[in-house]
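What the coordinates show
Residue strings, one per chain:
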Amino acid sequence: ASARSALAVPTKYKATVPSGSTTAVITHSLNTTDVIVEVYEVSTGDTVVCDVTRYDADNVNLVFSVAPTSNQYKVVIDVIRWINLVLSLHLLLV
């Protein structure tokens, strides 16, 4: 196991996108802006195109043209793998 996972450092976050607004702030607490963000429609599994802004190391903003309804979308945020390798090496060396 990598040093990151051995130390229980999360590398992925999943959540339901809040409904009722065209803008959603998602707090993932992954401590990096090096993340891949995917939003998908729950009923079909289809990827949803929206604007994504990496606000800071723990938050992303999602902007939709139409506000999502309740439980319509899910978001998956994953740390970019090369950064996992760098963090693992750093943790092994300290």
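Scroll up to find the structure this text is about.
Fair warning: this is a prediction, and the values are worked out from it, not measured in the lab.

Remark on secondary structure: sheet strands pair via backbone hydrogen bonds, oriented parallel or antiparallel. Read across the sheet, three strands follow the order β2-β6-β5 without closing on themselves; strand pairing throughout is antiparallel. The sheet is open, and its two borders are formed by β2 (23-27) and β5 (51-56), each paired with just one other strand. Across the sheet, the axes of successive neighbouring strands diverge by a mean angle of 25 degrees, strand direction being ignored. Two elements, β2 and strand β6 (residues 59-63), share five bridges in a ladder whose sense is antiparallel.

In this section: the sheet that holds strand β7 (residues 73-79). In space, the four strands of this open sheet follow the order β1-β7-β3-β4, with antiparallel pairing throughout. Bordering the open sheet on either side are β1 (12-16) and β4 (47-48), each of which pairs with just one other strand. In the sheet, strand β3 (residues 35-41) pairs with β7 via seven bridges, with the strands oriented antiparallel. Following the sheet pairing, isoleucine 36 is matched in β7 by aspartate 78.

Inspection of the secondary structure puts glutamine 72 in the loop between β6 and β7. Put simply, glutamine 72 and threonine 16 are 56 residues apart on the chain and 7.9 Å apart in space, counted from C-alpha to C-alpha. Look past the residues within four positions of glutamine 72 in its chain and what remains in contact with it is Tyr40, Glu41, Val42 and Ala67. Here threonine 69 takes part through its backbone nitrogen, which lies 2.9 Å from a polar atom of the side chain of glutamine 72.

This paragraph deals with unusual backbone geometry. Look at asparagine 31: it is not a glycine, yet its phi comes out positive at around 60 degrees. Along the polypeptide, asparagine 31 turns up in the loop between β2 and β3. For asparagine 31, a relative accessible area of 60% corresponds to the exposed category. Residues other than glycine seldom take positive phi values, yet asparagine 71 does so here, at roughly 60 degrees. You can see asparagine 71 is positioned in the loop between β6 and β7. Judged by relative accessible area, asparagine 71 falls into the exposed class, the value being 51%.

Basis of the calculations
Residues numbered from 1 in each chain as written. Predicted model: local features only at pLDDT ≥ 70, side-chain atom pairs only at ≥ 80, totals over all residues. Heavy atoms only, no water. Pairing = 2+ DSSP bridges. Helix = DSSP H or I, 4+ residues; strand = E, 2+ residues; numbered from the N terminus. Axes fitted to C-alpha atoms, helices over the stretch in contact; angles between N-to-C directions. Contact = heavy atoms within 4.5 Å. Polar contact = N/O pair within 3.5 Å; in protein donor to acceptor, adjacent residues only side chain to side chain. Buried < 20%, exposed > 50% of the residue type's maximum accessible area, 1.4 Å probe, protein only.

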